[in-house]
Structure formats: structure tokens, C-alpha cells
Amino acid sequence: MFIQGLASNIAFLIVLSFLYSLVYQKFKQMNRMVYRVLTGILFGLIAIVAMLVPIHYLPGLIFDGRSVIISLGAFFSGPIAAIIIVIMAAVYRYILGGFAALTGIAGIVTYAVIGLLYRRLIPYQKARTPLYLYLFGFILHIIMLSWMLTLPGKTGLAVLYDLALPILAIYPVATVFVAKLIIDREEFIDSREKLKESEEKYKLLIANQIDLLVKIDIHGKFLFVSPSYCETFGKKEEELIGNEFLHLVHPDDLESTSKAMEVLYKPPYTCYLEQRAKTVHGWRWFAWNDRAILDKKGNVIEIIGLGRDITRRKEAEEELKKLKEKLEIEVQEKTGELQHRVAELEEYQKATINREYRINELKEEIKTLNQEVEELRKNP
């Protein structure tokens, strides 16, 4: 019957600890000092409530779950909270009175000290594991039982004989259950807050980015559009979600867009494409870097696209292309002119060479004629 009472008391204590975990989220948002004070008050109240429904071994000698809650309160909340817990629990135990009141108060102080030592000496991660929590609870209640030896007469030995085994069987396990309940709840709340912060940062990033961000399904229908995308195309989010993105693409770029996106269905599941789309400012050029999202079986289920307006770049490229073509035409014209001048020079050079050659021939003929005349003079 007494063991059943201990188990019921521990179950009640676990419920109280769960109530603490429910208000943890509100407390932890406060100033650090205020948080520690309020946590100490809360753990102190839980310890008092535990003493309101004790197990009576003898008149004036009670057992309850205060050892678990006080030690864990000191472990989770630190020295400031531990002092508050000890004061509240000790005052109430003194009010309850009985021949074991001083032993109970001494135990209350001891439980808080052990919780603080556990917090101080055991590394954070190890201290929160079931094995270390069980060892903590076991040592805690060995010390709790040792305080029974301070009871008058043979009462302490009787308590140890009757209760040592059930207490050491139930209370260390209860310590693990209560601690893990609080730890799991804290981790859940912390992870949820981190997730909420991440979502807020993500939304802030998406809302303020210049680039366009979209997510579409394998049928090309919008699943998500960034505010910048909606602003660029003059559409509301609800107007785009569920509709195909190709309706906004220039007809001349539909085929190239579809062909480029076929690459997304094979490693490395990425593609780059450039296309024109109808915006509030008319047809604009966009560059898209797309990446496929796969399920566990390796099938493409969604596509993430990050786009950027490259109209100025395309216009610059077009101007450069026109300038290049113009330069090529001018070069061709200049080359033609130079070739014509070279041909003229070659003709002039050729004519000059021929004239000089003819003059030389005439000079040779005159020389020959002169020689013949001389011969005739000498031999008339």
C-alpha cells in the first residue's frame, strides 16, 4: 500500500512538472534575473504542492516528491532559483511540523546543494542523458535515506528497513522521468522558436531580395512566388499560385525554355536558361538558375528557380553585336578600298617597269645604230 502511495505521489509530481514545462516558454522570454526568480517560485510551489499530498509513514514523518523537484529545480535553474526553492519548501515543512521537521528541512537544503553540484560538475550534454540522470537520482536518494539516521531512537533504521528498497527503485526512475519531461519540453519549445526565427528571417530575406524566387511542380504550376516576383509581373500571389509559369514567357522562348528544363530530370538536376517574359514594364530578359527537388526515391517532385533581370546586359550585348557588325562592314569596305589601291599601285608599278624596260631597249638600239654609223664612216 505504501509503495502504491509512493508511485501515485510520483505520478502527481510528473503532472506538476508538465505544468511547469507549459509555462516555460513564457518565462524564458523574460529578463534573465526575473526568469530565475519566477522559476524558483514555480519550483517552490510545486514542491509545496507535493508536500500537500504526502505519504504518512508515522505522524510527523512524511514522504513525497520534494527531493526530486528541489534537486531538479536547482539543476535546471541555478543558485538563485535554488535559494528561493529551499526557502519556500523549508518554511512550509516547518509549518507542517512533526518530530521529523528538522530532518526534512536538512534534506531540503541537501537536495538543492546536490542539484547545484550536479549542474556545476557534470558536462551539460552528459548531465541531460538518462544514464547520468538515473545515477544522479540514485545518489540523491541514497543521501536522502541517510538523513533518516538522524531520527530519534530506532525510527531511522525502521524507515531504512521498510522504505530503502522501494524508494531506491521508484525515486531514481522518477527523477529521470521528470527531468526528461522538462528537457524534452524545453528542447521542443527552443526548436520551435528557432524554427520560427528561421522562418521570419527567411520571409524577411525573401521579401527584401531583388532576385526572383519561385517554386513550381513538375507540371510547371506555381507553388510559391516571392514578393519581388509578384511586383515584377504586377500579379498577386493568389493569382499566380496554381497557374503555369509558361503563360508569362515570350512565345519565341517557349521551346528553348522547355528544352532547357529537361536537363533538370537528370544529374546534377540543375539548369541555366535565359528567356523573355511579360512584366509590368513590358518584355524583359531574365536569367534563371533552376534546381530540382527530389523525393526519397530520387524522383523530381518540385523545382526551385532563382531569376534575375538581365535586360540591360542583353541590350548591351545587342549593342555590342551591332557595333561589331558595323565594324566588320567598315573593315570590309576599307579592305576593299585598300585592295583596289594596291591593284592600282601594282598596275602603275607594272607600267613603270615596262616603260623603263622599253627605254633600255631603245637605248640599246640607238647604241647599235651609232656603232653601225661609225663603221660606215670608217669603211665608206
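Before reading further, recall that the structure is shown in the block above.
This structure is a prediction, so every number in the text was calculated from the model and none was measured.

Conventions used here
Residues numbered from 1 in each chain as written. Predicted model: local features only at pLDDT ≥ 70, side-chain atom pairs only at ≥ 80, totals over all residues. Heavy atoms only, no water. Salt bridge = Lys/Arg side-chain N within 4 Å of Asp/Glu carboxyl O. Helix = DSSP H or I, 4+ residues; strand = E, 2+ residues; numbered from the N terminus. Buried < 20%, exposed > 50% of the residue type's maximum accessible area, 1.4 Å probe, protein only. Pairing = 2+ DSSP bridges. Axes fitted to C-alpha atoms, helices over the stretch in contact; angles between N-to-C directions. Contact = heavy atoms within 4.5 Å. Expected span 1.5 Å × (residues − 1). Arc of directions from axis to C-beta.

Peer 1: Explain the pattern of salt bridges residue by residue, including any values.
Peer 2: Tallying each qualifying case throughout the model produces 10 salt bridges. Between Lys180 and Asp184 there is a salt bridge, and its shortest N-O distance comes to 3.9 Å. Within this pair, Lys180 and its partner Asp184 are both found in helix 8 (residues 155–208), separated by 4 residues, close to a single helical turn. Lys180 gets classed as partly exposed once you look at its relative accessible area, which sits at 22%. Put simply, Glu317 and Lys314 hold a salt bridge, and the shortest N to O gap is 3.9 Å.

Peer 1: A description of the sheet that holds strand 6 (residues 282–294) should follow, citing residues and the corresponding values.
Peer 2: Taken in spatial order, the 5 strands line up as 4-3-7-6-5 in an open sheet, and their pairing is antiparallel. For this open sheet the edge positions go to strand 4 (222–225) and strand 5 (270–279), each flanked by a neighbour on one side alone. Across the sheet, the axes of successive neighbouring strands diverge by a mean angle of 25°, strand direction being ignored. Sheet strands in contact with helix 11 (residues 254–261) are strand 3 (212–217), strand 5, strand 6 and strand 7 (300–309), and its direction is about 155° off that of strand 5.

Peer 1: Outline helix 7 (residues 130–146), supporting the account with residue identities and numerical values.
Peer 2: An α-helix turns once every 3.6 residues. As a result, residues three or four positions apart point the same way. Under the 1.5 Å per step criterion, the end-to-end length of helix 7 is 24 Å for 17 residues, consistent within 8% with the ideal 24 Å. Taken as a whole, helix 7 has its buried residues at Leu133, Phe136, Gly137, Leu140, His141, Met144 and Leu145. Down the axis of helix 7, the buried set is contained in an arc of 165°. They therefore lie on one face.

In short, the description is geometric, and any link to function would need to be established separately.
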